[in-house]
Each structure stands twice: as C-alpha cells, then as structure tokens.
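# Coordinate analysis (summary)
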Amino acid sequence: LGRPHRVEGVVVRGDGRGKSLGFPTANVAPPMHAAIPADGVYAGWFTVLGPGPNIGTVTPGQPAMAAVSVGTNPTFSGRARTVEAYVLDREADLYGQHVAVDFVDHLRGMRKFESVDELVAAMGRDVDAVRKILGAGN
Ligand code: FMN
C-alpha cells in the first residue's frame, strides 16, 4: 500500500486502567466491518478529525505520534478486541471525539505478560521506538 492504513472511529471508554499504568489510551471504536490490522503494537499517527477548537493540547487536523495497541489485552483477560492509542506528548479528554489512526509500522506482537510491571516496561520501549520511527526528520 502506498500510504498508511487508516482506521477511523469514535473514542469510547475502555476499562479505565491505562491512566494508572502511566499510559492512558484513547479506545477507538471503529464502525462495523472496518478493516483492523492484525493484533500487535504499531507506530502510528493519531488525528482528531476537525475542524474544531483545541481539546486540551490536541489540535484537530494535526497528527500526533501514537503507540497503538490492537488486541484483547491478554495480560489482563480475554475480552473484546480493542484499538487503543497512547498519544505521545499530549494531554486531552478525547471521549466522544471522531478520530483517525494511521498505521505506519508494526513494532511487535501482542503479548501476555507475567506481570503488569513487564507490560509497562514494554510500553515504555514501544514509545521510544515510536519516537525513533516517526520523529526522524522532525
Ligand atoms: N496489553 C497486553 O496485554 N499485552 C501487550 O503486549 C500490550 N501492549 C501494549 C502496547 C501499547 C503501546 C499500548 C498503548 C497498550 C498495550 N497493551 C497491551 C494494552 C494495555 O493492556 C491497555 O492499554 C491497558 O490495559 C489499558 O486498557 P484500558 O484503556 O481499557 O483501561
């Protein structure tokens, strides 16, 4: 494909666990029959579809770097498949926003970690990788 695959949807409430892990995520609910990439962790661009006023430090129409998780969060328990974006360097209450996630690069597979600490450490490495991949030239 000549351009990143885009998934659009509305930001809905997740299990509310992300904040306590230090990585709050926007849970994106795509429309039925949307094509979702395979389970795993990705570097991508997160955009609130505009136009509209700023939401926190997020400007609609302006892509922000994101570490994106697709899967059933096996570390915690099998449940519905989610598309979750941790948006780097931004602070915003994004519930109800119509957003787009552009999938740029696959970082790793979705894993069931033995402990939450290991998951959090992996998320930190994911964020570093996203900065390296998407920050080049910025
Ligand atoms: N969950 C897993 O069980 N295994 C993973 O390998 C995994 N990797 C993730 C990587 C990133 C960059 C992000 C943002 C999330 C990842 N998750 C993974 C999902 C977290 O478990 C999830 O974001 C967290 O439990 C918060 O969920 P909530 O928003 O529904 O509260």
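Everything here concerns the structure above.
One structure accompanies this document, and this report is about it. (Residues numbered from 1 in each chain as written. Predicted model: local features only at pLDDT ≥ 70, side-chain atom pairs only at ≥ 80, totals over all residues. Heavy atoms only, no water.)

### Some points on the pairing of strand 1 (residues 5-12)
Here is the rule we go by: Note on pairing: two strands pair once DSSP finds at least 2 bridges between them. Every helix listed is a DSSP run of H or I at least four residues long, and every strand listed is a run of E at least two residues long, numbered separately from the N terminus.
Inspection of the sheet shows strand 1 paired to strand 6 (residues 98-108) by six bridges, in the antiparallel sense. Counted as the bridge partner of E8 is A100 from strand 6. Relative to strand 2 (residues 26-29), strand 1 is paired through three bridges, and the arrangement is antiparallel. Looking at the pairing, V10 lines up with A29 of strand 2.

### Here we look at the packing of aromatic side chains
Filter applied, for reference: Ring geometry is summarised as follows: Phe, Tyr and Trp rings, the Trp one being its six-membered ring, pair when their centres sit within 6.5 Å, and such pairs are stacked at plane angles under 30 degrees, edge-to-face over 60 and tilted between the two. Criterion for a charge above a ring: Arg CZ or Lys NZ at most 6 Å from the ring centre, at most 35 degrees from the ring normal.
All chains considered together, the criterion is met by two aromatic pairs. Here F23 and Y86 contribute two aromatic rings whose centre-to-centre distance is 5.0 Å and whose plane-to-plane angle is 75°, an arrangement assigned as edge-to-face. Note that F23 is positioned in the loop between helix 1 (18-21) and strand 2 and Y86 in strand 5 (residues 82-87), a separation of 63 residues in sequence. With a centroid separation of 5.1 Å and 90° between ring planes, the pair formed by Y42 and F103 is classed as edge-to-face. Taken as a pair, Y42 in strand 3 (residues 40-48) and F103 in strand 6 lie far apart in primary sequence, 61 residues in all. Across from the ring centre of Y95, 3.8 Å away, lies the NZ or CZ of R13, which sits over that ring.

### Description of the site of the ligand
Quick reminder of the rule: By convention in this text, a residue qualifies as near a molecule or strand provided that one of its non-hydrogen atoms is within 4 Å of it. As used in this structure description, the phrase polar contact means that two N or O atoms lie within 3.5 Å; if the pair is within protein, one of them must be able to donate a hydrogen and the other to accept it, and residues adjacent in sequence are counted only when both atoms belong to side chains. Think of a 1 Å grid over the protein atoms and nothing else: a 1.4 Å probe that fits but is trapped marks a cavity, an open set flanked by protein within 12 Å on at least five of seven lines marks a pocket, and residues with an atom within 4 Å of a point count as lining. Cavity and pocket membership follows a simple rule, namely that a molecule belongs there if more than half of its atoms are within 2 Å of the grid points.
Around the ligand there are 25 residues in total, and D15, R17, E84, R108 and R111 lie nearest to it. Contacts to the ligand include R17, whose side-chain N or O atom sits 2.4 Å from an oxygen atom. Within the contact set of the ligand, an oxygen atom lies 3.1 Å away from a side-chain nitrogen or oxygen of T25. Among the detected pockets, the ligand sits in the largest pocket. Residue contributions to the shell around the ligand peak at three residues, all from helix 2 (residues 116-135).

### Structural notes on the layout of surface pockets
Cut-off, in case you're wondering: Grid points are joined across faces, edges and corners, and a volume is the space filled by probe spheres set on the points. Under this grouping Gly is polar, as are all residues other than the nonpolar Ala, Val, Leu, Ile, Met, Phe, Trp, Tyr, Cys and Pro and the charged Asp, Glu, Lys and Arg.
Of the voids in this model, the largest pocket is the one considered here, and its volume is about 890 Å³. Of all the secondary structure elements, the ones that give two or more residues to the lining of the largest pocket are helix 1, strand 2, strand 4 (64-71), strand 5 and helix 2. Grouping the amino acids of the lining of the largest pocket by side-chain chemistry returns 23 nonpolar, nine polar and twelve charged.

### Section: the sheet that holds strand 5
Defined as follows: To get an axis, a line is fitted to the C-alpha atoms, and for a helix only the part in contact is used. The angle between two axes follows their N-to-C directions and goes from 0 to 180 degrees.
Spatially, 1-2-5-4-3-6 is the arrangement adopted by the six strands of the closed barrel, whose pairing is antiparallel. Taking each pair of neighbouring strands and ignoring which way they run, the sheet shows an average axis angle of 45°. Where strand 4 and strand 5 come together, six bridges link them in antiparallel fashion. Counted as the bridge partner of A67 is Y86 from strand 5.

What is shown is where atoms sit, not what they do.
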